[in-house]
Amino acid sequence: PLVSLQETLMGKYGEEAKLIYELQDQGGELLALRYDLTVPFARYLAMNKITNMKRYHVAKVYRRDNPAMTRGRYREFYQCDFDIAGQFDPMIPDAECLMIVHEILSDLQLGDFLIKVNDRRVLNGVFAVCGIPESKFITTCSAVDKLDKMPWEDVKNEMVGEKGLSPEAADRIGEYVQLHGGLDLIERLLQDPKLSQNKLAKEGLGDMKLLFEYLTLFGITGKISFDLSLARGLDYYTGVIFEAVLLQQEDDHVEESVSVGSVAGGGRYDGLVGMFDPKGRKVPCVGVSIGIERIFSILEQRVKASGEKLRTTETQVLVATPQKHLLAARLKLISELWKAGIKAEMFYKKDPKLLKQLQYCEDMGIPLAAIVGEQELTNGVIKLRDVITRQEVRMSFLHQISKVLPKI
């Protein structure tokens, strides 16, 4: 659902809850617009007693944020979610979600990218062995989540100044959360004298090792990084978390790529469905969300920089007339084209000028103009004009047009 009771959404997004759009209906009920597609999905599973489901969902979500148009940040925007709900063996659906993200970003050819992976249990284990009380896990987590935008010193200052941690505890956390790598790092942490004694961290690292083994079989570990700084600020994550970022090379002398922004994120949320079930029945879930507007803004910037002209229509043919009083001929011709499955359009004017019609084709990138004038009507043919080359041929209607169209 697009609208929920405020209480349905509150307590699930951590510090991000301040971005929820709050409403009040005429009866006085406190309502809110959905912040993401995950919480409504969990509620749907609980209300309909569904324990097994695999789905995708493309829809709008709303955030009371400061818009940044060039970065694809809006208050109303589309997300595309993939979720797998059900009781399965560890890390198999999680690996598939990462495979989906890898496939999407590869096929879109957005440039080099990296998918960061971590586990909330590993993070909580790190906080525990560093002496952080459990009541401060979530607030510490939100500070760590800023490491991709802020240097460690600023994050440490926030932990000490705003979150109330001791400088020593923050330093101990810093030794872990600045680590990133692959299977070798997971193996090293499994041998860590402190972390190996923590039940949560040991579970998380064991699952992370399994996940990387599956990702190796999928052949995508080259784009995956086990990154202990990844925290994902939302409260509902319970296990593996991931985030995809696009990378850019500043210049030829820089060895490491730098991030230009997150385009996808997700993770495991095993406890969320149980919050909406009257009997508290849990349904394990894992999912990923793709930021459609963010990707579009990157593609638009790329097209603009290249000077390439972008087609905003799939129209194949514009039906045009060179003289007045030929609207009936245009309507008859376009009707036949539509029936033949050809994508055609025409001017919504009785007597448009031919030059304007041809200019419209050029502006919109429509490759062909089907021109029907008095002479063509007399001879029972149409004139087909290639808009780019300006070459013209006369042909006897549909069967010949249909042969030309596959070439454009």
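All figures in this text were calculated on a predicted structure; none of them were measured in a lab.

This part covers the state of the cysteines. Within the structure shown, the criterion is met by 0 disulfides. The thiol of C97 is not disulfide-bonded; the next cysteine sulfur, from C285, is found 10 Å away. In this structure C97 comes out as buried when scored by relative accessible area, which is 1%. Classification of C285 by relative accessible area gives buried; the value is 0%.

If you trace the 5 strands from one edge of the open sheet to the other, you get β13-β12-β14-β15-β16, paired in mixed fashion. Here the strands that pair on one side only, and so sit at the sheet edges, are β13 (344–346) and β16 (392–395). Adjacent strand axes in the sheet meet at a mean angle of 30° when their direction is disregarded. Pairing of strand β12 (residues 317–320) with strand β14 (residues 368–371) involves 4 bridges; the strand directions are parallel. Across the sheet, V317 pairs through a bridge with L368, a residue of β14. Helix α13 (residues 354–364) rests against β12, β13, β14 and β15 (382–386) of the sheet, and its axis sits at about 175° to β12.

Bridge analysis of β15 against β16 gives 4 bridges, and the strand direction is antiparallel. Residue R385 lies in a different strand from β16, and its bridge partner there is E392. Connecting β15 to the antiparallel partner β16 that follows it, the hairpin turn spans 5 residues, and R390 within it adopts a positive phi of roughly 65°.

Now for the domain arrangement of the chain. When its domains are assigned, the chain resolves into domain 1 (3–306) and domain 2 (317–405). For domain 1 versus domain 2, the distance between C-alpha centres works out to 52 Å.

On the surface, K324, K349, K353 and K356 cluster together to form a positively charged patch. Mapped onto the elements of the fold, K324 is located in the loop between β12 and α12 (327–339). By relative accessible area, which is 57% here, K324 ends up exposed.

Turning our attention to the pattern of salt bridges. Tallying each qualifying case throughout the model produces 21 salt bridges. Between E187 and K209 there is a salt bridge, with the nearest N and O atoms lying 3.3 Å from each other. In this pair, E187 sits in helix α8 (residues 183–190) while K209 sits in helix α9 (residues 199–218), placing the two residues 22 residues apart along the sequence. E187 gets classed as partly exposed once you look at its relative accessible area, which sits at 33%. Taking the relative accessible area as the measure of exposure, K209 reaches 26% and is therefore partly exposed. Among the charged side chains, a salt-bridge network with shared partners connects D119, R121, K199, E203 and D207.

Here the focus is the sheet that holds strand β3 (residues 30–33). The strands that make up a sheet pair up through hydrogen bonds in the backbone, lying either parallel or antiparallel. The sheet built from 3 strands is open, its strands ordered β1-β3-β2 with antiparallel pairing. The open sheet is flanked by β1 (3–5) and β2 (22–24), the only strands paired with a single partner. Averaged over all pairs of adjacent strands, the angle between strand axes in this sheet comes to 40°, irrespective of strand direction.

Quick look at the UniProt feature "binding site: L-histidine" (unreviewed entry) in the chain now. Per the UniProt annotation, the sites labelled "binding site: L-histidine" (unreviewed entry) are D36, L37, T38, R63, Q79, D83, R232, Y236 and Y237. Overall, L37 belongs to the buried group, its relative accessible area being 2%. Contacts of L37, omitting those with residues within four sequence positions, involve R55, H57, A59, K60, V61, Q79 and D81. Here R63 shows up in the loop between β4 (53–62) and β5 (76–85). For R63, a relative accessible area of 17% gives the class buried. Here R63 is in contact with L19, Y21, Y35, D36, Y74, R75, F77 and Q79, once residues within four sequence places are set aside.

About the criteria used
- Residue numbering note: each chain is counted from 1, following its sequence as written.
- Since the coordinates come from a predicted model, pLDDT governs what is reported: local features require at least 70, and pairs of side-chain atoms require 80 or more to be given and counted, while whole-chain, interface and lining totals use all residues.
- Side-chain calculation: all heavy atoms of the structure are included, whereas hydrogens and water are not.
- Cysteine sulfur atoms are paired as a disulfide whenever they fall within 2.5 Å.
- Accessibility here uses a 1.4 Å probe with only protein chains present; expressed as a share of the type maximum, an area under 20% marks a residue as buried, one over 50% as exposed, and anything in between as partly exposed.
- Paired strands are those between which DSSP finds at least two bridges.
- Helix and strand labels come from DSSP, where a helix needs a run of H or I of at least four residues and a strand needs a run of E of at least two; each type is numbered from the N terminus.
- Here an angle of 0 to 180 degrees is reported between the N-to-C directions of two axes, which are lines fitted to C-alpha atoms, with helices fitted over the stretch in contact.
- Any two residues whose heavy atoms approach within 4.5 Å at even a single point are treated as in contact.
- The source of the domain bounds is an automatic or database domain assignment.
- Here, patches come from residues exposed beyond 30% relative accessible area and free of salt bridges, joined within 9 Å for like charges and within 5 Å for nonpolar side chains (Val, Leu, Ile, Met, Phe, Trp, Tyr).
- In this description, accessible areas are obtained by the Shrake-Rupley approach with a 1.4 Å probe, and a residue is regarded as covered only by the protein chains that are shown.
- Should a side-chain nitrogen of Lys or Arg be within 4 Å of a carboxyl oxygen of Asp or Glu, the pair is scored as a salt bridge.
- Residues scored as charged are limited to Lys and Arg (positive) and Asp and Glu (negative), so that His and the chain ends carry no count.
- Working definition for charges: the position is that of NZ of Lys, CZ of Arg, CG of Asp or CD of Glu.
- UniProt positions are given in the numbering used here, feature names are shortened, and annotations may be inferred rather than shown by experiment.

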